[in-house]
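This is what each chain is made of:
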Amino acid sequence: MSKKGNNLLIKNGLVFDPFSNIIGEKKDILIENGIIVEKFTSNNDIKEINAENKTIIPAAIDIHCHIASQQMNWIRLLGKNNQEFNSNWGALTSEYIAKEYISQGYTFITEANVYPSLAKHTIFNFINIPVLDKAMLLNLGNFWPLEFDIEKKKTKDIALFISDLLSKCKGFGIKIYNPFESEIWNFNKLREDINKNGILYNFKAINVYKTFIEAVEILDLPHSAHCHIEGYENLEGKENLNSLLKELDNLKLDARTSTKDKRNQICHLAHANSLNIDGNNKNIINNLNNNSNIDVDLAFIGFDKINPIITSDRRFFSDITDSYKKKKNNIINSNEFEGDSYSNFREFKKNEYKDCILWGNAIDLALNIKNKWQIQFSLNFPHYSHLNDIPKIITWLLSKDARFKFMENMNNKFLKNISISTNEDVLNFNDLIILTRSSPAKSLGLSKFKGNLSNGSEADINILNINIDKIDTNKDYKLIEKAFEYIEYVIKNGYIVKKEDKILMNHQGKIFWSEGKYFTEEEKSRVINKKREFYQKYYSYFYNMLDNDIDQKYLKKIE
Amino acid sequence: MEMILNTIRLINNDQNVEWNCQDVEFMEEHLAIGFINPLDFKKLYLVPSLKLHISNNHGDVIVNFKQDSKIPEGIILMPVSLWANQVTYVKNNNIIYKNIKVNVEGTRDPPTKLNELIEKIKSDKI
Amino acid sequence: MSEQLKITCSGCSLLCDDIIIIKDDKEIKEILGACQKGINKFNQIKSKNRILSPLYKDKGGLKVLEWDLALNKAIQIIKNAKKPLIYGLSTISCESQILALKIAKKIDAFIDSNSTICQGKFLNIASEMGITTTTLTEIINKSDLIILWGTNIVESIPRLFSKILFSRGKFRMTGREIKNLIIVDIYKTASFKVMGTRDLAIIIRPNEDIELIKILKKAVKGDYTFPNEGISGIDKQDLERFKTFLLNSEHITILPGQALLNQKTNGDAIKELLELVNLLNNIKNNGRISLLMVGGHYNMVGFEHMALSETGKNQSIQFKNGESIKSDDNIISKIQKEDFDLSIIIGTDPISHFPLEISKILSSKPIILIDNKKSGTFLIATLILPTSITGIENKGLAFRLDHVPIQLKKIIEPPSLIQSDYELLQKILDRLNK
Ligand code: SF4
């Protein structure tokens, strides 16, 4: 079914390709050697799929998840004897994760929280997760080797170092997480304000965001700085968000020019629906509607019985463990001078006010941010939702009937107070494809390869057994749900990896990485030699140990 | 005399090293050994030419010994090895390597040989 | 021509990456910076006890086999087995561990690592109770108190002290001066020799660690005075000092050893210790306290991680119809119940570690041994397949004791016709798949 060099012709499907402005046109898709082409070079051996009355969309892309890290193993360890976890989450084994992603039409994922010291673990996991293409973001928020440069505002040096780290670890981008908050090990008290100078370091935490954003722009990495706001699901998080938004206003960077392979934003906010826990999202909505420099992913809540918490946010974690007073079985790990990680389980409930807010925020933001290219669909998987919630979540976005029906037994205070509970707006199908496919590709700087069906792109495609034109997306939401539950075909690089119930796991995906702009060896060694010294002085291993000895066949470098 | 036996890891009496590079005789010398306090040495009426016969419900073995005043009275230490395995046992699916009750006496018999231990493992008698 | 290289030692779970070797095309001439244990690892290369060809035992004794025949023999033995065991796996690379898991899945084996009878017990309890752990760079830069509890690391992980105790850190610029040490053990092991005047030596009566932990739990909560006569052979003053250290240090790391694992109370001492750590992290208003597990084999931790990501379990995995199923067994209970008809032993020597009663049962069924040197198990194995030494003759990923992944490199060529664990396991898997 998936021999190499198989040419595919998908005939007569209804095509949605927001990137090329194709909104529901009947069109053939031609695939040769894994790439979408205008014309076949030879007419031999062409396999045909009749897509009459079916809908063709690009494969989905996850811009923010946690599936390949040491922390994932702490979750598995905690869940080892947990019946709920084993039956509903398949113990989240590598194979299970791959299968679930493929079933939901995904071909690309972004592991969003990797400490450089543990990057080898993630890469190793990546290799053992079949089919999917993957990328990882290095979490540098608490990275002590950068302390001095941040203090001295040596942004170019930071950029050089980041570039070298990315090329050693085979990372794709960087994540900024609770900047230098791990200094807390010394006094066991949560910090009050990220606008103040630290105690063990001599700069403001908020400045770290700015410095990293500038460094990423110097490197012109495919993806922008990926920012996590300290204290999510907490009012403190809202204040921190407002501080960052203000900081971004002051940041004078030239507006980026968007091209096919370039993103627009300079700052990506992770799971933005978790930031305004009072349910008022005006700050984000206004900011994004006036400013193309920022984009956000929305981590939809699926209200699962049990969700693994994978986080490095101490404030969030102490809140949530306080609320589960009796549960003390956390796995907490502080890692190599690079930050901490916290693992446990939680449960989302429809009668919990706060959980409903998180749910409502995602929908609120999806509806009210005007430019849908500034929003990406995510689940913060596996923290906020299971992948198999996606079909249901899609109906909440496309159909007010579905949404209102789902809201029936939600928390009363939420239903009374929060505007989204009466909002009748919906997204159209094209918007949905932008959110789940085209926009993540764009934000990651991968539109040249992914998230669209234009010629030259990688043939990562879903075929839905539904003719979107012929249904009322509001009323017939059950049909849509079904179409996404049983995606008929998932095609990855021209290989059919899912056909109806059958999933083929023998295809190996690539690990996407980037080091950004090229620097001369001379420039590099000036900075890197100093870092080597730092490692020699303070680390348990030499800097060169970060090198990843991985077969080129697994890698794909993005320039 | 009743004593408590603990198995330990010692860099100079490491079975891994012995298996790696040494002759059987050398291995026997370094692994068939127990360490005891000089006071126990007296209590056991030992003389340097004697060996220790260590036994409990699970088995028995004869080993050389050395005195070491750091070791508390009533305790005998042995490197983890085929020799110590003669008196270790299993409880609740765990191997008990520490705090094993054993009976220790002086003996004129030579220390148990490696091939005797292997034969013991292979033999059908339990 | 000789060259100088900086390499990583796989002599123990510390995986020191600062070993210098001088080598020519064929062999290593000199090794600088490794400890005695590390040197021993390198000595394996030319050890006279090295296995250099496949061997098969029949009535006439051990016979040398050609590789192809040996592999066929292995497949035949495996295919004849209905309840195979796979055991060991702590001294092979992660890549090989994944293959071993795949083979286990293919042949519906029960697979388990040395960790089951060692540090893995900690993780099992952590899976119920949680755990706060840390890594070496954290300890180097932050710890001002290191507690060895029933472990004699000077002899098991020889260079660990020089990394974590005799080192200066970013927040511990004065190094050893500010890093205090407590050792709890039943006698003064070699590790006690590093102690200075401010350090605290606790000699405890055998098997009473749990009492000490319980008392400390009470004491750190306040409102408790230690009995005048002390407890478990420990003076009252020393107990007071222990408590003061726990309450006033900023960053404490406890290294728990076999002694705690092996309490007759069956894991209770570990539970108490985890509770003490939790308690201190909650009541202390400065600093933090964490545990660092100190398993000895260089890739014992690796197997836990590989097994978790492939099966959701860290050890003792029973496959049935290609799926891992629930099982309360471990390697010991499987053998004790005689619930097996073949054992495949990879890179370990159970015969030298298991009690006689268990070894007897193990040896009553066929054994396939995959290893690079002779051992107790070698003497009773049915089929012996030799391999090269990972970290010297072939490369691979391993996990340091603190769960940090470290890449091992190939430095020299293996002896002729000797392949790596990875290559060998891949061949076995391929032939099983045929
Ligand atoms: S401490 Fe361990 S890793 Fe380091 S040199 Fe010694 S044996 Fe090798």
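Each chain has its residues counted from 1, following the order in which its sequence is written. Working convention: letters from A go to chains and numbers from 1 go to ligands, in the order in which they are written. Reporting in this predicted model follows two pLDDT cut-offs: at least 70 for local features of residues, and 80 or more for side-chain atom pairs to be given and counted; totals over whole chains, interfaces and linings ignore these cut-offs and use all residues. Only hydrogens and water are removed before side-chain values are computed, so all heavy atoms of the structure are retained for them.

A.B. asks: Teacher, can you tell me more about the overall build of chain B here?
C.D. replies: By the criteria applied, helices consist of DSSP H or I runs no shorter than four residues and strands consist of E runs no shorter than two, each listed in order from the N terminus. Along chain B, the regular secondary structure elements total four helices and eight strands. Each helix (α) and strand (β) of chain B, taken in turn from the N terminus, gives the series β-α-α-β-α-β-β-β-β-β-β-α. C-alpha atoms define the radius of gyration in this analysis, and the globule rule sets the expected value at 2.2 Å times the number of residues to the power 0.38. A globule of 126 residues ought to have a C-alpha radius of gyration of about 14 Å, and chain B, at 14 Å, matches this closely. Expressed along its principal axes, the backbone C-alpha trace of chain B runs to roughly 35 × 35 × 25 Å.

A.B. asks: Help me out: how do you make sense of the site of the ligand in this one?
C.D. replies: Here a residue counts as near a molecule or strand whenever at least one of its heavy atoms sits within 4 Å of it. The local shell around the ligand consists of Cys9, Gly11, Cys12, Leu14, Leu15, Cys16, Ala34, Cys35, Lys37, Gly38, Pro158 and Arg159 of chain C. Side-chain classes are defined by residue name, with Ala, Val, Leu, Ile, Met, Phe, Trp, Tyr, Cys and Pro counting as nonpolar, Asp, Glu, Lys and Arg as charged, and the others, Gly among them, as polar. Per-class residue counts for the shell around the ligand are eight nonpolar, two polar and two charged.

A.B. asks: What is the right way to look at the interface of chain C and chain A in this model?
C.D. replies: Many descriptions give the size of an interface as the accessible area lost when the pieces come together. Whether two residues are in contact is decided by their heavy atoms: any pair within 4.5 Å suffices. Between chain C and chain A, the contact holds 62 residues from the first and 49 residues from the second. Note: buried area is the sum, over both parts, of the accessible area (probe 1.4 Å) each one loses when the two are combined. At the boundary of chain C with chain A, total buried surface from both sides reaches about 4700 Å², with 55% on carbon and sulfur atoms. Salt-bridge detection follows one rule: a side-chain nitrogen of Lys or Arg within 4 Å of a carboxyl oxygen of Asp or Glu. Note that Asp549 of chain A and Lys395 of chain C form a salt bridge whose closest N and O atoms lie 3.3 Å from each other. Mapped onto the side of chain C that touches chain A, the elements with two or more residues apiece are helix H3 (94–106), helix H4 (120–129), strand E8 (131–133), helix H5 (136–142), helix H11 (268–283), helix H12 (300–311), strand E19 (396–399) and strand E20 (405–408) of chain C. A class-by-class count of the residues in the side of chain C that touches chain A yields 17 nonpolar, 25 polar and 20 charged. If DSSP finds at least two bridges between two strands, the strands pair. By the bridge criterion, three bridges tie strand E14 (residues 331–335) of chain A to E8 of chain C in an arrangement that is parallel. Counterpart to Ile331 of chain A in the pairing with E8 of chain C is Ile131 of chain C.

A.B. asks: Mind showing me how you'd approach the sheet that holds strand E3 (residues 28–32) of chain C here?
C.D. replies: Backbone-to-backbone hydrogen bonds pair the strands of a sheet. The strands run either parallel or antiparallel. All names here are of chain C. In spatial order, the strands read E1-E2-E3; together these three strands make up an open sheet with antiparallel pairing. In the strand order of this sheet, the two ends are held by strand E1 (3–7) and E3, each with one partner. On average, each strand axis in the sheet is inclined to that of its neighbour by 25°, with strand direction left out of account. For strand E2 (residues 19–23) and E3, the ladder comprises four bridges, and the chain directions are antiparallel. If you follow Lys23 over to E3, its bridge partner there is Ile28. Note on geometry: axes are lines fitted to C-alpha atoms, helical ones only across the stretch in contact, with angles between N-to-C directions running from 0 to 180 degrees.

A.B. asks: It is not clear to me how the pairing of strand E18 (residues 383–386) of chain C should be interpreted in this structure. Could you clarify?
C.D. replies: Two faces make up the sheet, and in a regular strand the side chains alternate between them. Residue and element names in this part refer to chain C. Burial along E18 is two-sided: Leu383 and Leu385 facing one way and Ile384 and Pro386 facing the other are all buried. Here two bridges tie strand E4 (residues 55–58) to E18, and the two strands are oriented antiparallel to one another. When the sheet's bridge partners are listed, Leu55 is paired in E18 with Ile384. For each residue, the accessible area found with a 1.4 Å probe, counting protein chains only, is set against the maximum for its type, and the residue is called buried under 20%, exposed over 50%, and partly exposed in between.

A.B. asks: When you look at the interface of chain C and chain B in this model, what are you seeing that I'm missing?
C.D. replies: In this complex, chain C contributes 47 residues to the contact, which on the side of chain B involves 47 residues. Roughly 4300 Å² is buried in total at the junction of chain C and chain B, and carbon and sulfur atoms are behind 53% of that figure. Scanning the region where chain C abuts chain B turns up zero salt bridges. Residues adjacent in sequence count toward polar contacts only when both atoms are side-chain atoms; beyond that, a polar contact is any pair of N or O atoms within 3.5 Å, and within protein one must be able to donate a hydrogen and the other to accept it. If you look at where chain C meets chain B, you find 10 residue pairs in polar contact (both at pLDDT 80 or more). Of all the elements in the fold, those that place two or more residues in the side of chain C that touches chain B are helix H1 (36–43), helix H6 (153–156), helix H10 (258–261), helix H13 (331–336) and helix H14 (356–363) of chain C. No other element matches the six residues that H14 of chain C contributes to the side of chain C that touches chain B.

A.B. asks: When you look at the sheet that holds strand E5 (residues 61–64) of chain C in this model, what are you seeing that I'm missing?
C.D. replies: Residues and elements named next belong to chain C. Taken together, nine strands build an open sheet; the order of strands is E5-E4-E18-E17-E16-E6-E7-E14-E15 and the sheet is mixed. Two strands close off the open sheet at either side, each with one partner strand: E5 and strand E15 (323–325). Mean inter-strand twist for the sheet, computed between neighbouring axes without regard to direction, equals 20°. Against the sheet, helix H2 (residues 67–80) makes contact with E4, strand E16 (342–346), strand E17 (367–371) and E18, and its axis sits at roughly 130° relative to E18, the strand it touches most.

A.B. asks: What am I meant to see in the domain arrangement of chain A here?
C.D. replies: Residues and elements named next belong to chain A. Each domain of chain A was delimited in the assignment, giving domain 1 (7–57 + 460–503) and domain 2 (60–386 + 432–443). An automatic or database domain assignment supplies the start and end points of every domain. With centres defined by C-alpha atoms, the gap from domain 1 to domain 2 works out at 31 Å. Taken together, the contact between domain 1 and domain 2 spans 15 residues of the former and 18 residues of the latter. Taken together, both faces of the contact between domain 1 and domain 2 bury some 1400 Å²; the carbon and sulfur share is 70%. Counting across the domain 1 and domain 2 interface gives one salt bridge.

A.B. asks: Sorry if this is basic, but what is going on with empty space enclosed by the protein here?
C.D. replies: Here the idea is plain: a probe the size of a water molecule rolls over the atoms and shows the empty space left. All names here are of chain C. Cavities and pockets were defined on a 1 Å grid built over protein atoms only: a cavity is a set of grid points that admits a 1.4 Å probe from which the probe cannot escape, a pocket is an open set flanked by protein on both sides within 12 Å along at least five of seven lines, and lining residues are those with an atom within 4 Å of any such point. Grid points are joined across faces, edges and corners, and a volume is the space filled by probe spheres set on the points. One pass over the full model with this rule turns up 14 cavities of 30 Å³ or more. Of the voids in this model, the second largest cavity is the one considered here, and its volume is about 110 Å³. For the second largest cavity, the lining is made up of 13 residues, of which Gln119, Met293, Met300, Val301 and Glu304 are closest to its centre. Counting residues per element, the ones that place at least two in the lining of the second largest cavity are H4 and H12. Examining the composition of the lining of the second largest cavity, we find that three residues originate from one element, H12, more than from any other.

A.B. asks: Just checking my understanding: could you explain the packing of aromatic side chains for this structure?
C.D. replies: The geometry of two aromatic rings is summed up by the distance between their centres and the angle between their planes. Note on aromatic pairs: the rings of Phe, Tyr and Trp (six-membered ring only in Trp) are paired at centre separations within 6.5 Å, and the planes decide the class, stacked below 30 degrees, edge-to-face beyond 60, tilted for the rest. What the rule picks out here adds up to 40 aromatic pairs over all chains. Aromatic side chains Phe300 of chain A and Phe377 of chain A sit 4.9 Å apart centroid to centroid with 20° between the ring planes, which places their arrangement in the stacked category. One end of the pair, Phe300 of chain A, is in the loop between strand E12 (294–299) and strand E13 (307–311); the other, Phe377 of chain A, is in strand E16 (residues 375–378), with 77 residues separating them in the sequence. Phe377 of chain A shares its class with Phe300 of chain A; the two are buried. Over the ring of Phe404 of chain A we find Arg403 of chain A, and its NZ or CZ is 6.0 Å from the ring centre. Any Lys NZ or Arg CZ that is within 6 Å of a ring centre and within 35 degrees of that ring's normal is treated as a charge sitting over the ring. Of note, Lys73 of chain C hangs over the ring of Tyr56 of chain C, and the distance from its end group to the ring centre comes to 4.6 Å.

A.B. asks: Hey, could you run me through the pattern of salt bridges in this one?
C.D. replies: Any two side chains of opposite charge can pair if their charged atoms end up close together. All names here are of chain C. This model, assessed by the stated rule, comprises 61 salt bridges over all chains. In this structure, Arg159 engages Asp18 in a salt bridge whose closest nitrogen and oxygen atoms are separated by 2.8 Å. Within this pair, whereas Arg159 is found in the loop between H6 and helix H7 (160–164), its partner Asp18 is found in the loop between E1 and E2, the two being separated by 141 residues in sequence. In this structure, Glu138 and Lys142 form a salt bridge, with 2.8 Å as the shortest nitrogen-oxygen distance. Of this pair, Glu138 and Lys142 both sit in helix H5, four residues apart, roughly one helical turn.

A.B. asks: Is there a simple way to think about the side chain of Thr436 of chain A in this case?
C.D. replies: Residues and elements named next belong to chain A. Here Thr436 is to be found in helix H15 (residues 429–443). By relative accessible area, Thr436 is classed as buried at 2%. Among the polar contacts listed, one links the side chain of Thr436 to the backbone oxygen of Leu432, at a separation of 2.7 Å. There is a polar contact of 2.9 Å between the side chain of Thr436 and the side chain of Arg437.

A.B. asks: What is the right way to read helix H9 (residues 236–248) of chain C from this model?
C.D. replies: Residues three or four positions apart in an α-helix share a direction because the helix packs 3.6 residues into each turn. All names here are of chain C. One fewer than the residue count of a helix, multiplied by 1.5 Å, yields its expected span. Between its first and last C-alpha atoms H9 spans 18 Å; for 13 residues at 1.5 Å apiece the expected length is 18 Å, and the two agree. Of the positions making up H9, those classed as buried are Leu239, Phe242, Lys243, Phe245 and Leu246. Seen from one end, H9 has its buried residues packed into an arc of 160°, which puts them on one side. Away from the buried face of H9 by more than 90 degrees, exposed residues Gln237 and Asn248 are located. Here, the arc refers to the directions that run from the helix axis to the C-beta atoms.

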